[in-house]
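The residues making up each chain are set out below.
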Amino acid sequence: MPDIPVIAIDGPSGTGKGTVSGILATKLGWHLLDSGSLYRVLALTALNSGISLNDTDKLVQLLTTLNLRFESATEYSGASIILNDQDVSEDIREESCGNAASLVAALPEVRQTLLERQRKFRQAPGLVADGRDMGTIVFPTAQLKIFLTASAEERATRRYKQLIEKGINVNLRDLSADIAERDRRDKERVASPLRPAEDAVTIDTTGIKIQRVINRISALVEERFGSQPGFTR
Ligand code: C5P
């Protein structure tokens, strides 16, 4: 398994990780793991079933019974997320769900329970893995590790635009405060805190168009993996 190529893309919210990962996976024809969606689905299910977001035992129990599947990704976007035969792809994108996800994601037992599930995504011909701890904990042997950053203002503005485009009503000031709080929790937690792997390439995407970020990563992909069938910059 460690031979199957993995590109780990980590960083805080609003750095373009999801978009970049989706584009790369499509260009390469590789699998895509949107690890944040696992924490979001768990949080959504807990909220809907009245389970407290710090009740570790019940959350772990919930994880073992989750009837969750990912349906084929469309070009440049993640897979549809089907929970108990219902498409929850949109529901889990709500900010409230992101915040709840960061609470359950701070629990070491929850992270441990999700570890193997995430590692199963490492399938031929390769995997692009998007998250916070892909390069440090889940796929420490990933052949290419990218850590995306951007200024707090830009990240908040990008998230704001994304949510408004999806018809989700938010207030920029509240959103900035929520993002700052979520980032603080992700960085300061004891279990798998958000940080770049020692061998990660950090790319600051502030003021940079997504296409330039893709070009930069594509050059790194060619350097590490050689030319890939059908892969063009
Ligand atoms: O990336 P996304 O915004 O979907 O992630 C939601 C939350 O899930 C993050 O704020 C973080 O707390 C948690 N998460 C994590 N580890 C990952 C992916 C997401 O802790 N690998």
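Everything below is about the structure shown above.
Owing to the predicted nature of the structure, the values given are computational and were not obtained by experimental measurement.

Cut-offs and rules
- Numbering of residues starts from 1 in each chain and follows the order in which that chain's sequence is written.
- Selection of residues for local features in this predicted model requires a pLDDT of at least 70, selection of side-chain atom pairs for listing and counting requires 80 or more, and totals for whole chains, interfaces and linings are taken over all residues.
- In computing side-chain properties, one takes all heavy atoms of the structure into account and sets aside hydrogens as well as water.
- Labels follow the DSSP assignment, with helices taken as runs of H or I lasting at least four residues and strands as runs of E lasting at least two, numbered in each case from the N terminus.
- Buried residues are those whose accessible area, probed at 1.4 Å on protein chains only, stays under 20% of the maximum for their type, while exposed residues exceed 50% and partly exposed ones sit between those limits.
- Contact definition: two residues touch when any of their heavy atoms are within 4.5 Å.
- Each accessible area is a Shrake-Rupley result for a 1.4 Å probe, and residues are judged covered by the shown protein chains and nothing else.
- The criterion for a residue being near a molecule or strand is simple. One of its heavy atoms has to lie within 4 Å of it.
- Polar contacts, as counted here, are pairs of nitrogen or oxygen atoms within 3.5 Å of one another; within protein the pair requires one atom able to donate a hydrogen and one able to accept it, and residues that are adjacent in sequence qualify only if both atoms are side-chain atoms.
- Gly falls in the polar group here, along with every residue not listed as nonpolar (Ala, Val, Leu, Ile, Met, Phe, Trp, Tyr, Cys, Pro) or charged (Asp, Glu, Lys, Arg).
- Strand pairing is assigned whenever DSSP identifies at least 2 bridges connecting the two strands.
- Under this scheme, a helix contributes an axis fitted over its contacting stretch, all axes are lines through C-alpha atoms, and angles between N-to-C directions fall in the 0 to 180 degree range.

Student: Would you take a moment to explain the overall build of the chain for this structure?
Tutor: Helices and strands together make up the secondary structure of the chain, namely 9 helices and 8 strands. Viewed in the frame of its principal axes, the chain has a C-alpha envelope of about 50 × 40 × 35 Å. In the chain, buried positions account for 50% of the 233 residues. Counted over contacts in the chain with a minimum sequence separation of 6, partners at least 24 positions apart contribute 72%. Accessible surface for the chain amounts to roughly 11,300 Å². Of this, 49% is attributable to carbon and sulfur atoms.

Student: What is the right way to read the site of the ligand from this model?
Tutor: Neighbouring the ligand are 17 residues; Arg40, Arg111, Arg132, Asp186 and Arg189 lie closest to it. Contact between the ligand and Arg111: an oxygen atom at 2.8 Å from a side-chain N or O atom of the residue. One of the side-chain nitrogen or oxygen atoms of Arg132 is found 2.9 Å away from an oxygen atom of the ligand. Coverage of the ligand by the protein chains reaches 95% of its 450 Å² of free accessible surface. Going through the elements one at a time, helix 2 (35–48), helix 4 (95–104) and helix 8 (172–188) are the ones with two or more residues in the shell around the ligand. With 4 residues, helix 2 is the single largest residue contributor to the shell around the ligand. Considered class by class, the residues forming the shell around the ligand number 4 nonpolar, 4 polar and 9 charged.

Student: Can you help me understand the sheet that holds strand 2 (residues 31–34) in this one?
Tutor: The strands making up a sheet associate through hydrogen bonds between their backbones, and the pairing can be parallel or antiparallel. Strand order across the open sheet formed by 5 strands is 2-6-1-7-8, with parallel pairing between neighbours. The two strands at the open ends of the sheet, each matched to only one other strand, are strand 2 and strand 8 (201–204). Direction aside, neighbouring strands of the sheet carry axes that sit 20 degrees apart on average. As paired strands, strand 7 (residues 144–149) and strand 8 are joined by 4 bridges and run parallel to one another. Following the sheet pairing, Leu148 is matched in strand 8 by Ile203. Across the sheet, helix 2 touches strand 2 and strand 6 (127–131), and the angle it forms with strand 2 is around 45 degrees. Against the sheet, helix 9 (residues 210–225) touches strand 1 (6–10), strand 7 and strand 8, its axis set at about 165 degrees to strand 7.

Student: Even after reading the chapter, I still don't get the pairing of strand 1, so can you show me in this structure?
Tutor: A large share of strand 1 lies buried, amounting to 5 of its 5 residues. What you see with strand 1 is no split at all: Val6, Ala8 and Asp10 on one side and Ile7 and Ile9 on the other are buried throughout. Inspection of the sheet shows strand 1 paired to strand 7 by 4 bridges, in the parallel sense. Paired with Ala8 across the bridge in strand 7 is Lys145.

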